[in-house]
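# Examination of the molecular architecture
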Amino acid sequence: MIPILMYHQVGLPAAKGSPYRSLTVHPADFKRQMVWMSRLGYRGLSMRDLMPYLNGQRRGKVFGITFDDGYRNVYQNALPVLRQLHFTSTNYFVARQFDGGNVWDYDIGIPHSDLMSLEEMRQWAFAGQEVGSHTLEHVHLPQISPQIANYQISQSKLELEQALGTEVTAFCYPYGDESPQIRQMVRNAGYTNATTTIRGLVRPGDDPFGLPRVTIARSTNIVRFLQKCLTRLEDKRRRD
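The text that follows walks through the structure, step by step, so that each part is easy to find. (Residues numbered from 1 in each chain as written. Predicted model: local features only at pLDDT ≥ 70, side-chain atom pairs only at ≥ 80, totals over all residues. Heavy atoms only, no water.)

### Focus: the packing of aromatic side chains
Considering all chains together, one arrives at eight aromatic pairs under this definition. Among the aromatic residues, those joined into a ring-pair cluster are Tyr7, Phe30, Phe67 and Trp124. Positioned over the ring face of Trp36 is Arg39, at 5.2 Å from the centre of the ring. (Phe/Tyr/Trp six-rings, centres within 6.5 Å; stacked < 30°, edge-to-face > 60°. Lys NZ or Arg CZ within 6 Å of the ring centre and 35° of its normal.)

The following block contains the structure:
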C-alpha cells in the first residue's frame, strides 16, 4: 500500500479562528516531514512518476506528494525543499485563477491567499514538478449539469496544456466531490489518474480515477505524520 499525501498551503497560518486554518502546514514542519521520509529511504513522487508503482509495474519505497489549488506559498516554501531532496510532486491548478486567489473559499470565511502566476506555474513544471488540473473554477462537479461538468474537466486540461506546452494527465476532484459518471468524464478527457479526499492508502487494484489520500494538516506532528505514512493507521479509517 502506498500513501499519497494531500497538502494545500505551506506557509504561516491565518489568524486564530479562521475556518480551515489547519490546512496550512508550517514550512518548517513540511521540511521536517520530507527530510524524515528521505532519511528513511523513501522517495516522494508526483502522480506522473508514481503511477508505475501504483499499477504494479515498479516496486520501491515511494510515496505520492500532492498539493491542491496552486498556492503561491507552495512555490515559495515547498519547492526549494522538494528540489533539495530530488522529490517530485503534483500541484492541481485551477486553470482560470492564475495570479488570483482562493475565491471559492470567501463565502465560508476563509481568508484570501495568493495563487501562482502563469510564469510561476511554468517554473514549477520546469523544476520537474507536475501540473495537474483542478477544473477551470474549482466547482462542485456533481452539483452542476453533466455538460458543464464535462466542460470544466476537459477544457481545464486543454488550457493548462496550451499554457505549458506539455500533456496534463493528473486530475483532482474539487472538494472531493465525484461520482461514477464524473470519473468516466475524467477518463474520457484523457487523464490517466484522479485523486479524491477519501482517506486511506492506495491498495493494489484501486480505481486510478478514485485514488484516496492522506491529509496532512497543521496539527500533524512528526510522529503522527510517520504513523500516517508508514503504518496502516490511515488505511483503517478508509470507508470501503
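On we go.
### Observations regarding helix H7 (residues 180-189)
Taken together, the buried positions of H7 are occupied by Ile182, Arg183, Met185 and Val186. Relative to the axis of H7, the buried residues are bounded by an arc of 155° and lie together on one face. The exposed residues of H7 that point more than 90 degrees off its buried face are Pro180 and Asn188. Of the residues one or two after H7, Gly190 is the one with positive phi, at around 105°. (Buried < 20%, exposed > 50% of the residue type's maximum accessible area, 1.4 Å probe, protein only. Helix = DSSP H or I, 4+ residues; strand = E, 2+ residues; numbered from the N terminus. Arc of directions from axis to C-beta.)

### Overview of the nonpolar core
Ranked by internal contacts, the top residues of the largest apolar core, which has 51 residues, are Leu5, Tyr7, Phe30, Met34, Phe67, Trp124 and Phe225. Ranked by residues supplied to this core, first place goes to helix H6 (residues 146-164) with five residues. Here Tyr7 is in contact with Val25, Phe30, Gln33, Met34, Ile65, Thr66, Phe67, Asp68, Ile216 and Phe225, once residues within four sequence places are set aside. In terms of nonpolar packing, the next biggest core, distinct from the first, is built from 14 residues, Ile4, Leu50, Tyr92 and Ala170 among them. (Core = buried A, V, L, I, M, F, W, Y, C linked by side-chain atoms within 4.5 Å. Contact = heavy atoms within 4.5 Å.)

### Quick notes on the pairing of strand E9 (residues 193-199)
Most of E9 is tucked away, with five of its seven residues classed as buried. Sheet topology places strand E8 (residues 170-172) next to E9; three bridges connect them, and they run parallel. Counterpart to Phe171 in the pairing with E9 is Ala194. A crossover links E8 with its parallel partner E9, the connecting element being H7, and its sense is right-handed. (Pairing = 2+ DSSP bridges. Right-handed = clockwise from strand over helix to strand, strands pointing away.)

### Quick look at the packing of helix H1 (residues 27-39) against helix H8 (residues 222-230)
Where H1 meets H8, the axes come as close as 10 Å, and the angle between the chain directions of the two elements is 50°. Regarding the angle of H1 to H8, the classification is oblique. For the element pair H1 and H8, the recorded crossing hand is right-handed. Across from Arg32, Gln33, Met34, Trp36 and Met37 in H1, the residues of H8 making contact are Ile222, Phe225, Leu226, Cys229 and Leu230. Of the residues belonging to the contact of H1 with H8, the class tally is eight nonpolar, one polar and one charged. (Axes fitted to C-alpha atoms, helices over the stretch in contact; angles between N-to-C directions. Parallel < 35°, antiparallel > 145°, perpendicular 65-115°, else oblique. Left-handed = near helix turned anticlockwise from the far one by under 90°. Nonpolar A, V, L, I, M, F, W, Y, C, P; charged D, E, K, R; others polar.)

### Notes on a nonpolar patch on the surface
Together, Trp36, Leu40 and Leu230 give the surface a local cluster of nonpolar side chains, amounting to about 240 Å² of exposed area. Turning to its location among the elements, Leu40 is positioned in the loop between H1 and strand E4 (43-45). (Patch = residues over 30% accessible without salt bridge, like charges linked within 9 Å, V, L, I, M, F, W, Y side chains within 5 Å. Areas by Shrake-Rupley, 256 points an atom, 1.4 Å probe, with all protein chains shown as cover. Salt bridge = Lys/Arg side-chain N within 4 Å of Asp/Glu carboxyl O.)

### Some points on empty space enclosed by the protein
The final tally for this structure, using the stated rule, is one cavity of 30 Å³ or more. Size it by volume and the largest cavity reaches roughly 30 Å³. Lining the largest cavity are Asp69, Gly70, Phe93, Val94, Gln97, Phe98, Leu115 and Met116. The residue inventory of the lining of the largest cavity, partitioned by class, reads five nonpolar, two polar and one charged. (1 Å grid on protein atoms, 1.4 Å probe; cavity = no way out; pocket = protein on both sides within 12 Å on 5 of 7 lines; lining within 4 Å. Points joined across faces, edges and corners; volume = space filled by probe spheres on them.)

### Remarks on the environment of Arg48
Examined against the element boundaries, Arg48 turns out to sit in helix H2 (residues 47-54). What makes Arg48 partly exposed here is its relative accessible area of 41%. Among residues more than four places away in sequence, those in contact with Arg48 are Thr90, Gly128, Gln129 and Glu130.

### Details of the packing of H6 against H7
It is at 9 Å that the axes of H6 and H7 come closest, and there the two elements cross at 35°. When the axes of H6 and H7 are compared, the crossing they make is right-handed. On the side of H6, the interface is formed by Pro146, Ala149, Asn150, Ile153, Ser154 and Lys157, while H7 contributes Gln181, Ile182, Met185, Val186 and Ala189. A class-by-class count of the residues in the contact of H6 with H7 yields seven nonpolar, three polar and one charged.

### Observations regarding unusual backbone geometry
Phi is positive for His86, close to 60°, though the residue is something other than glycine. At His138, a position not held by glycine, the phi torsion is positive, near 60°. Checked against the element boundaries, His138 lands in the loop between strand E7 (130-133) and H6. Here His138 falls in the buried class, since its relative accessible area comes to 6%.

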